[in-house]
Amino acid sequence: MKADLLHFAPDVADALAEGRPVVALESTIITHGMPFPQNLETARAVETTIRNAGAVPATIAVLKGQLHIGLTAAQLDGLAEATNVMKLSRADLPVALATRATGATTVAATMISAHLAGIRVFATGGIGGVHKGAEDSFDISADLIELSKTPVTVVAAGPKAILDIPKTLEVLETQGVPVIAHGQDGLPAFWSRESGLKAPLRMDDPAQIAAAHKMRAKMGLPGGQLVTNPIPVAAEIPASALAPLIAQAQSEADGRGITGKEVTPFLLDRIYELTDGRSLEANIALVLNNARLAAAIARAF
Ligand code: PSU
Ligand code: MN
């Protein structure tokens, strides 16, 4: 069943068959998270970083109804330049496959695909979470629920700072998702190293993170782990500088009636404009940093 569902890049198939380390990568960050051409440059740089760190990258996307685990250079180019690509979460992934659509996988859909492919570690920028104003909008990312269901360790720079981070942590706690800070006690907030909140757990050793993942499986507990890796010092934007810009972007989104899947791409795009591109530089730096840690965890498995 899996054989005709998944389309493996040859190097990914070989690595998995030989038990060598593989790191899954999502594609929504390419199509909906960053502008062209920085999205393509970043996607390539992330793959190179993972190779240099001794693992094989597997960028995941749906191309004309085929679920690809690892993309060729030409496929990556095509996706980065494409417009009108679907944003696929858990609800959309089977629909895109059945209708032969092209779509980019979010954290949730990438976790599902990685697990089907036998990949245990996945690197991204920031996970989705509980949006500000969720008490009215009920906007809670499917990423959080996926972390409670699917056994993949996700390395991110924390919840995106556009989110309500305390509520995001509460949902993760309710769902039984381990939220593990790497290298510090504080929970990072994507573009900033500190959110002002302490992370529930801390592990600095990739081998321990891999061991905790295996222990969950051994105990029969479903779900994965969220490893939060702070953005490098040189690239961070202080939370105090961002807060008014995030508030402005959020009120514009509310004023324009932006809802559902469009909220996160709209906010990221506005913050890019309001920071004169600095948020994108930070986003690139943190993704590369997460790729390095994810490769180390994949090697430890
Ligand atoms: N990380 C980034 N940029 C992004 C994303 C992650 O640095 O654009 C994407 C991921 O695909 C994540 C999605 O799953 O944002 C969250 O979307 P939503 O809030 O609609 O669930
Ligand atoms: Mn949402």
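J.: I'd love a proper account of helix α12 (residues 239-256), names of residues and values included.
T.: Compared with an ideal rise of 1.5 Å per residue, which puts 18 residues at 26 Å, α12 spans 25 Å between its outermost C-alpha atoms and is within 8% of the ideal. Turning to α12, its buried residues are L242, I246, A249, Q250 and A253. In this fold, the buried residues of α12 make contact with α13 (263-274). At the exit of α12 stands G257, carrying a positive phi of roughly 70 degrees.

J.: Give me the pairing of strand β4 (residues 66-69): which residues, what numbers.
T.: In this sheet, β4 lies alongside strand β1 (residues 6-8) in parallel orientation, the contact comprising 3 bridges. Bridging from a neighbouring strand, H7 pairs with H68 of β4. Pairing of strand β3 (residues 56-63) with β4, which is carried by 4 bridges, proceeds in the antiparallel orientation. Across the sheet, the residue bridging to I60 is I69, located in β4. Hairpin connection from β3 to β4: 2 residues lie between these consecutive antiparallel strands, with K64 at a positive phi of about 45 degrees.

J.: For the side chain of E47, give the residues involved together with the corresponding values.
T.: Mapped onto the fold, E47 is located in helix α4 (residues 38-52). Within the structure, E47 has its side chain in polar contact with the side chain of T59 (distance 2.6 Å). Non-local contacts of E47, meaning those with residues more than four positions away in its chain, are made with L25, P57, T59 and L76.

J.: Residue-level account of the site of ligand 1, with values.
T.: Taken together, 19 residues form the shell around ligand 1, and within it E26, K87, S141, D143 and T264 come nearest. One nitrogen or oxygen atom from the side chain of K87 is found 2.7 Å from an oxygen atom belonging to ligand 1. Contributing elements (two or more residues each) for the shell around ligand 1: α3 (28-33) and α13. Ranked by the residues each element gives to the shell around ligand 1, the list is headed by α3, at 3 residues. Across the shell around ligand 1, the residue classes break down as 4 nonpolar, 11 polar and 4 charged.

Conventions we followed
- Residues numbered from 1 in each chain as written.
- Chains lettered and ligands numbered in written order.
- Predicted model: local features only at pLDDT ≥ 70, side-chain atom pairs only at ≥ 80, totals over all residues.
- Heavy atoms only, no water.
- Helix = DSSP H or I, 4+ residues; strand = E, 2+ residues; numbered from the N terminus.
- Expected span 1.5 Å × (residues − 1).
- Buried < 20%, exposed > 50% of the residue type's maximum accessible area, 1.4 Å probe, protein only.
- Contact = heavy atoms within 4.5 Å.
- Pairing = 2+ DSSP bridges.
- Polar contact = N/O pair within 3.5 Å; in protein donor to acceptor, adjacent residues only side chain to side chain.
- Near = heavy atom within 4 Å.
- Nonpolar A, V, L, I, M, F, W, Y, C, P; charged D, E, K, R; others polar.

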